[in-house]
Amino acid sequence: GLCALVCAAVHGDAVGPSRTGIWIDRRPFDCQYDSVVCHQCDAPECYYACDTEDAFYIDEKTGARAIDSDNCSGCRQCIEACVFDTPRIRWDEERQVAVKCDLCSHRPEGPACVAFCPMQALTVVREVGA
């Protein structure tokens, strides 16, 4: 779970489960631990569902579909529009905004979760047509 802590830490001034763009789906009795993160879809329903100007954007450098929390109105339309059974967008209860992975666009060295994973279990995979 260090990936989730690092994600929250590099994106703000507080660390907590609702402040991270990645989290771990833990099923210890099945020995199953899966990272849950935005897939950065080519045609992101979440992006198109957002009606708030400048809240949801596509980063020109990384191509990440990202949310500017300063502009998020808190309507949750992006969360509802996510095509995955477990939406890849989190709700930050304290700030009343949506939060998702932005591939650490502000970090020249790339996503912090990948860099700081002690097991080196995370990588960024770029798939054509994803």
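Rules behind the numbers
- Residues numbered from 1 in each chain as written.
- Predicted model: local features only at pLDDT ≥ 70, side-chain atom pairs only at ≥ 80, totals over all residues.
- Heavy atoms only, no water.
- Salt bridge = Lys/Arg side-chain N within 4 Å of Asp/Glu carboxyl O.
- Helix = DSSP H or I, 4+ residues; strand = E, 2+ residues; numbered from the N terminus.
- Buried < 20%, exposed > 50% of the residue type's maximum accessible area, 1.4 Å probe, protein only.
- Phe/Tyr/Trp six-rings, centres within 6.5 Å; stacked < 30°, edge-to-face > 60°.
- Lys NZ or Arg CZ within 6 Å of the ring centre and 35° of its normal.

Undergrad: Account for the pattern of salt bridges, naming residues and giving values.
TA: Tallying each qualifying case throughout the model produces six salt bridges. A salt bridge links aspartate 92 to arginine 19, with the nearest nitrogen and oxygen atoms 2.8 Å apart. In this pair, aspartate 92 is assigned in strand 5 (residues 90–92) and arginine 19 in the loop between helix 1 (2–10) and strand 1 (22–27), connecting sequence segments 73 residues apart. For the pair aspartate 92 and arginine 19, a shared accessibility class is recorded, and that class is buried. With its nearest N and O atoms 2.8 Å apart, the salt bridge here joins aspartate 34 to arginine 27. One network of salt bridges, with partners in common, ties together Arg19, Asp92, Glu94 and Arg95.

Undergrad: I'd like to hear about unusual backbone geometry, residue by residue, with values.
TA: In the Ramachandran plot, glutamine 40 falls in the positive-phi region, its phi being about 50° despite a non-glycine side chain. On the secondary structure map, glutamine 40 appears in the loop between strand 2 (32–37) and helix 2 (45–49). Even without being a glycine, glutamine 120 presents a positive backbone phi close to 50°. Positionally, glutamine 120 belongs in the segment after helix 4 (112–116).

Undergrad: Could you give me a rundown of the packing of aromatic side chains, with the residues and numbers involved?
TA: This model, assessed by the stated rule, comprises two aromatic pairs. Here the aromatic rings of tyrosine 47 and phenylalanine 56 are separated by 5.9 Å at their centres, their planes lie at 80°, and the arrangement is edge-to-face. Since its relative accessible area comes to 8%, phenylalanine 56 is described here as buried. The side chain of arginine 76 reaches across the aromatic face of tryptophan 91, ending 3.9 Å from its centre.

These figures capture arrangement, not role.
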